[in-house]
Amino acid sequence: MSPVTVWAGWIGGVAIGAYLLLQLVLTGRHLGTSTSFGDVCGLVARRGFFTRGKFEGGPSWRLFFFVGLPLGGLLAFLTSPDAGAWTPHFEMGALYGAVLPRALWAKALVLGLGGVLIGYGARLAGGCTSGHTIMGLSLRNLPSLAASIGFFAGGLLAANLLFALAGLG
Amino acid sequence: MRIRNIVFIGLGALFGFLLSRSGATTFDYYAGLFLLKDLQLLWVIGVAVVTGLVGVALLQWLAPNSLMQGAPLPFAGKPWKKGLVLGSLLFGLGWGLSAACPGTALAMLGEGKLAPLFTVVGILLGTWFYGWQQDRAARSNLAKSESTQG
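Not measured: the values here are computed from a predicted model.

**Student:** Honestly, the environment of Thr148 of chain B in this entry has me stumped. Any pointers?
**Tutor:** Residue and element names in this part refer to chain B. With respect to the helices, strands and loops of the structure, Thr148 is situated in helix α6 (residues 116-149). Exposure remark for Thr148: the relative accessible area of 66% places this residue in the exposed category. Between the alpha carbons of Thr148 and Cys101 there is a distance of 44 Å; along the sequence they are 47 residues apart.

Here it is as C-alpha cells:
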C-alpha cells in the first residue's frame, strides 16, 4: 500500500501525542502548522495582515518548523525498506489516483482548489488538524472540538462526493 | 543560525517523520478514513488526543517551566472566533479533496510525492486571500470611522 514504513495506528497516535508534549515542555509552544503558511506569506508581504500581530518581527519559530516538515518526510522514506527507490513523482495511490483526473493540469486544479479551501478555512477557523484537533482537543478546548467536527464533516462530504462522482463510492 | 531555529527545524522534521510513520502522508489512508473503510488515521488521531489529554493533565499538575523559555507552560486553547464553523467546514472540504492537511502536505513533498505541491501552493493562496480580506475590511472600517468623525 505504501513505499514508506507505516506503524500500527495506535503506535503512531502514542508517538504524535508524545511529540506534542515534548514540543510543549521543550519550547513552551503549542503544536500547530497552518499559521506557518502565514509566516511564509510574511516573507513577501511588506505591510498589512502578515506583518502584524503574531506575524510581526520577521521569521518566527513557525517558519523553521515549516522547513523541517519535508525533511521529516525525506527521513521517513530513507529509513524505509525501499529507501533506494526515492524518486519524485505525481502519483496519488490506488484510490485517489483512480478518482482524480489523470491529466496533470486538471489534477493541479483540483488539488489547488483543495489547498485554497484548506488555507482559507484554516485561517477562518483559527487552526488546522494539528492545532485544533490534536493540540486543541488535548487541551479540552471546546472551540477546537467544534472545529474538529467541522473538519471531519467537510472531509466526509468532499471525499464521498468525489468518489461517488467517479462511480467508486 | 540561532539554536532556537535549529531546534524548530529538528522538531518539524520529527513531526513530519511521525506523520509519515503514522500513514498520514499516504493518500489511500485518507480515502479509507473518509469512506469509513480503513480507520488507520482515526486510530492515529484518537490515540494521539488521548495521549495528549493524559499528558497535558499531568503537566498541569506538575506545572514545570518550559526548558527553552523558562516560563510557565501555556494551557489556554484557541478562542471562539467568528467564522470558526464555516472555516472548519471549508477546511474539511479541502482536506477531503486533496487528501492532505497543511503538515502532511509538506511531509509528503520530502517523500518525493509532488502532487501535494499544488495543494501547498493552494494553501498559500488561500492564506494570502484571508489576509487580503482582513486588510480590506480594516481599511473600510477606518474609512467609515473617519467619515463619521469628519
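**Student:** Could you clarify how one ought to interpret helix α7 (residues 142-165) of chain A in this entry?
**Tutor:** An α-helical turn contains 3.6 residues, so any two residues separated by three or four positions project in the same direction. Here α7 of chain A contains 24 residues, and its C-alpha end-to-end distance of 35 Å stays within 8% of the 34 Å for a straight helix at 1.5 Å per residue. Of the residues trailing α7 of chain A, Gly167 of chain A is marked for its positive phi of about 75 degrees.

**Student:** Would you explain the packing of aromatic side chains in this entry?
**Tutor:** The geometry of an aromatic ring pair is captured by the separation of the ring centres together with the interplanar angle, meaning the angle of the planes. All names here are of chain A. All told, the structure shown has 20 aromatic pairs over all chains when counted by the stated rule. Ring geometry for Phe49 versus Phe50: centroids 5.0 Å apart, planes at 85 degrees, classification edge-to-face. Its relative accessible area of 5% is what places Phe50 among the buried residues. Residues Trp61 and Phe65 carry aromatic rings whose centres are separated by 6.4 Å and whose planes lie at 65 degrees to one another, so their mutual orientation is edge-to-face. One end of the pair, Trp61, and the other, Phe65, are both in helix α3 (residues 61-78), four residues apart, so they sit about a helical turn from each other. Given a relative accessible area of 8%, Trp61 falls into the buried group. Taking relative accessible area as the criterion, Phe65 reaches 1% and is therefore assigned buried.

**Student:** Help me understand the environment of Arg4 of chain B, please; the structure alone is not making it clear to me.
**Tutor:** Turning to its location among the elements, Arg4 of chain B is positioned in helix α1 (residues 3-21). Using a relative accessible area of 23% as the deciding quantity, one classes Arg4 of chain B as partly exposed. Distance from Arg4 of chain B to Met68 of chain B, taken between C-alpha atoms, is 8.2 Å for residues 64 residues apart in sequence. The residues touching Arg4 of chain B, leaving out its near neighbours within four places in the chain, are Pro59, Ser60, Trp61 and Phe64 of chain A together with Met68 of chain B.

**Student:** What should I look at first to understand the interface of chain A and chain B in this one?
**Tutor:** Accessible area lost when the parts come together is the quantity often used to give the size of an interface. Listed by partner, the interface residues are 120 residues for chain A and 106 residues for chain B. Of the roughly 10000 Å² buried at the junction of chain A and chain B (both faces included), carbon and sulfur atoms supply 76%. A salt bridge links Asp135 of chain B to Arg52 of chain A; the nearest nitrogen and oxygen atoms lie 3.2 Å apart. Between the two partners, chain A and chain B, sit 32 residue pairs in polar contact (both at pLDDT 80 or more). Of the residues that constitute the side of chain A that touches chain B, the class distribution is 73 nonpolar, 42 polar and five charged.

**Student:** Whenever I open this one, the packing of α3 of chain A against α1 of chain B confuses me. Can you help?
**Tutor:** A pair of packed helices is captured by two measures, namely the crossing angle of their axes and the spacing between those axes. Interaxial distance between α3 of chain A and α1 of chain B falls to 6 Å at its minimum, and their mutual angle equals 40 degrees. Taken together, α3 of chain A and α1 of chain B sit at an angle that is classed as oblique. As for the relative orientation of α3 of chain A and α1 of chain B, their crossing is right-handed in sense. Partitioning the contact of α3 of chain A with α1 of chain B into residue classes produces 14 nonpolar, seven polar and two charged.

**Student:** Even after reading the chapter, I still don't get the pattern of salt bridges, so can you show me in this structure?
**Tutor:** Close approach of charged atoms allows side chains of opposite charge to pair. Residues and elements named next belong to chain A. All chains considered together, the criterion is met by three salt bridges over all chains. A salt bridge links Asp39 to Arg62; its shortest N-O distance comes to 2.6 Å. You can see Asp39 sitting in helix α2 (residues 35-44) and its partner Arg62 sitting in helix α3, a full 23 residues away along the chain. The class for Arg62 is buried, based on a relative accessible area of 11%.

**Student:** Help me understand unusual backbone geometry, please; the structure alone is not making it clear to me.
**Tutor:** Note on backbone geometry: most residues besides glycine have negative phi, and most peptide bonds are trans. Residue and element names in this part refer to chain B. In this structure, Ala63 is a non-glycine residue whose phi angle is positive, near 45 degrees. Topologically, Ala63 is positioned in the loop between α3 (40-62) and α4 (84-98). You can call Ala63 exposed: its relative accessible area is 51%. For Ala99, which is not glycine, the phi torsion reads 55 degrees and is therefore positive. With respect to the secondary-structure elements, Ala99 resides in the loop between α4 and α5 (102-110).

**Student:** Would you mind showing me how to read the confidence of the model for chain B here?
**Tutor:** Note: predicted coordinates in regions of low pLDDT should not be interpreted at a detailed level. For chain B, per-residue confidence averages 95 on the pLDDT scale, and residues scoring 70 or more make up 98% of the total. Model confidence for the complex: the whole-complex pTM is 0.96, and ipTM, which rates the interface, is 0.96.

**Student:** Explain the nonpolar core to me, please; I cannot follow it from the model alone.
**Tutor:** Generally speaking, nonpolar side chains in soluble globular proteins are found buried as a group. Counting 78 residues, the largest nonpolar core has Tyr96 of chain A together with Tyr30 and Trp95 of chain B as its most contacted members. Take this core: its biggest share by element is eight residues, from helix α5 (residues 104-125) of chain A. Setting aside its immediate chain neighbours within four residues, Trp95 of chain B contacts Ile118, Thr129, Phe151 and Phe152 of chain A together with Tyr30, Leu33, Phe34, Ala100 and Cys101 of chain B.

**Student:** Can you walk me through the packing of α2 of chain A against α3 of chain A in this structure?
**Tutor:** All names here are of chain A. Running from amino to carboxyl end, α2 crosses α3 at an angle of 105 degrees, the nearest separation of the two axes being 8 Å. Between α2 and α3, the crossing angle belongs to the class labelled roughly perpendicular. Here α2 contributes Thr35, Ser36, Phe37, Asp39, Val40 and Leu43 to the contact with α3, which in turn contributes Arg62, Leu63 and Phe66. Among the residues making up the contact of α2 with α3, the classes are represented as five nonpolar, two polar and two charged.

The rules behind the values
Residues numbered from 1 in each chain as written. Chains lettered and ligands numbered in written order. Predicted model: local features only at pLDDT ≥ 70, side-chain atom pairs only at ≥ 80, totals over all residues. Heavy atoms only, no water. Helix = DSSP H or I, 4+ residues; strand = E, 2+ residues; numbered from the N terminus. Buried < 20%, exposed > 50% of the residue type's maximum accessible area, 1.4 Å probe, protein only. Expected span 1.5 Å × (residues − 1). Phe/Tyr/Trp six-rings, centres within 6.5 Å; stacked < 30°, edge-to-face > 60°. Contact = heavy atoms within 4.5 Å. Buried area = accessible area lost by both parts, 1.4 Å probe. Salt bridge = Lys/Arg side-chain N within 4 Å of Asp/Glu carboxyl O. Polar contact = N/O pair within 3.5 Å; in protein donor to acceptor, adjacent residues only side chain to side chain. Nonpolar A, V, L, I, M, F, W, Y, C, P; charged D, E, K, R; others polar. Axes fitted to C-alpha atoms, helices over the stretch in contact; angles between N-to-C directions. Parallel < 35°, antiparallel > 145°, perpendicular 65-115°, else oblique. Left-handed = near helix turned anticlockwise from the far one by under 90°. pLDDT = per-residue confidence, 0-100. Core = buried A, V, L, I, M, F, W, Y, C linked by side-chain atoms within 4.5 Å.

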